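Secondary and tertiary structure notes
Now for the letters of each chain:
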Amino acid sequence: MTTSKHPHLIDLNDYPVSWWKEVVDLGEKIKNNPEVYSGACHNKIMATLFYEPSTRTQMSFQTAMLRLGGRLIGFDNPANSSVSKGETLKDTTKIVSNYADILVMRHPVAGAAKAAALSADCPVINAGDSGHLHPTQTLTDLLTLKCEKGRLDHLTIGLCGDLINGRTVHSLIKAMTCFEGNQFILISTPELKLPSYVKDILTASGWEVASLEEVLPELDVLYMTRIQQERFASREAYLAQKDTYILTVKKLKAAKPDMIILHPLPRVDEIEVAVDEDPRAMYFNQARYGMYVRMALIITMLDLNKKDNPTILLRGTTVKGAACKNPNCITCSESYLPKSFLELGNGLLECEYCNERLLLER
Ligand code: NCD
């Protein structure tokens, strides 16, 4: 077992549901009375290390810290840092976490935030690791649902689009299955289906369909996603999927009057612009909720960091002869990392960084 003396947010499910609720409740309080919290992070410095493009996540984290009275360092283009000279993730993290009190990282490789946490001397927050997880978008979604639907349970949620690469969808499903009575309708093509480590969580509460029109009337929440061009192997493969699902004003006529439409954004063309005028379109408000919930998260993490409360980063074992086969796993690009697997039985292993599975050859 490998632990860290700092708290980290790599995956929401590393914390109990009661903890998420506390963060979301604090986010709501901050939203209603932001001035009360304006000095909560006075003298604290947050580093934002964005190895991948971002508008909302990066700027909402930065605004959150500034609104709490804290300050910022960081980069949004690794080409301008020593990463371009070949510095390892370990060394960059080690250095920056000696300057800052809290580190927010987005990375194009799965498991990067966990790898960073292994060497960080301050708390690390995962702001998205490849197509894997995006826990702070889920906190955003939870606050939006709480404020706009009044509940986190007994919701029929349609998830539409790029479910294989959509890290926001993965983290959202992992979270929403923890609340009673939620049902999930997966609207995607066979090529864009959920990866198995997320699909397995759904069991009886989720089913798959191919058509948006067919299920719209049943939904309480429609979660639209972008087809993530940058994660496709070729342009042809992307073009074959592009434009499969487009939400239009006309289609929306079949939806419930109190359904809400969420989208982590950016939108490409999966939601017709005219839909923005519909009161059910909640995606721009959702982005604002993200700032409040990130303010709550920063306060919570810095508070937790004052306590002596080691976090477990790796629970599994180094299995002799086993290496993760996912070419986009951080253990492939940062070879010094200790490999670590959870044994699922019958020779099936799950990489603890990217959650990909592999069968151990005997
Ligand atoms: C998403 C992301 O980066 O995963 N956006 C976000 O963080 N709000 C979705 C996307 O890139 O399509």
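What counts and how
Residues numbered from 1 in each chain as written. Predicted model: local features only at pLDDT ≥ 70, side-chain atom pairs only at ≥ 80, totals over all residues. Heavy atoms only, no water. Axes fitted to C-alpha atoms, helices over the stretch in contact; angles between N-to-C directions. Helix = DSSP H or I, 4+ residues; strand = E, 2+ residues; numbered from the N terminus. Parallel < 35°, antiparallel > 145°, perpendicular 65-115°, else oblique. Left-handed = near helix turned anticlockwise from the far one by under 90°. Contact = heavy atoms within 4.5 Å. Nonpolar A, V, L, I, M, F, W, Y, C, P; charged D, E, K, R; others polar. Salt bridge = Lys/Arg side-chain N within 4 Å of Asp/Glu carboxyl O. Buried < 20%, exposed > 50% of the residue type's maximum accessible area, 1.4 Å probe, protein only. Near = heavy atom within 4 Å. Polar contact = N/O pair within 3.5 Å; in protein donor to acceptor, adjacent residues only side chain to side chain.

1. A word on the packing of helix α5 (residues 135–149) against helix α6 (residues 167–176)
- Contact geometry of α5 with α6 gives a least axis separation of 8 Å together with a crossing angle of 55°. With respect to α6, the axis of α5 lies oblique. Crossing angle aside, the handedness with which α5 passes α6 is right-handed. Here P135, Q137, T138, D141, L142 and L145 of α5 come into contact with α6, specifically with T168, S171, L172, A175 and M176.
- Its residues assigned to classes, the contact of α5 with α6 shows six nonpolar, four polar and one charged.

2. Remarks on the pattern of salt bridges
- Tallied over the entire structure, the rule returns 20 salt bridges.
- Here D25 and K146 are joined by a salt bridge, their closest N and O atoms 3.1 Å apart. Placement of the pair is D25 in helix α1 (residues 17–32) and K146 in helix α5, with a sequence separation of 121 residues.
- Of the residues examined, D25 reaches a relative accessible area of 35% and is grouped as partly exposed.
- Since its relative accessible area comes to 27%, K146 is described here as partly exposed.
- With a shortest N-O distance of 3.0 Å, R167 and E52 are connected by a salt bridge. Of this pair, R167 sits in helix α6 while E52 sits in the loop between β2 (45–50) and α2 (56–67), placing them 115 residues apart in sequence.
- Residue classification places E52 among the buried residues on the basis of a relative accessible area of 9%.
- Counted as one network, the salt bridges with shared partners bring together D25, E28 and K146.

3. Focus: the site of the ligand
- Near the ligand, the surroundings consist of T57, R106, H134, Q137, R167, T168, R226, Q228, P264, L265 and P266.
- Between the ligand and P264, the relevant distance is 2.8 Å, taken from a nitrogen atom to a main-chain nitrogen or oxygen of the residue.
- Residue L265 places a main-chain N or O atom 2.7 Å away from a nitrogen atom belonging to the ligand.
- Along the lines of polarity and charge, the residues of the shell around the ligand split into three nonpolar, five polar and three charged.

Any functional reading would require information beyond the geometric quantities listed.
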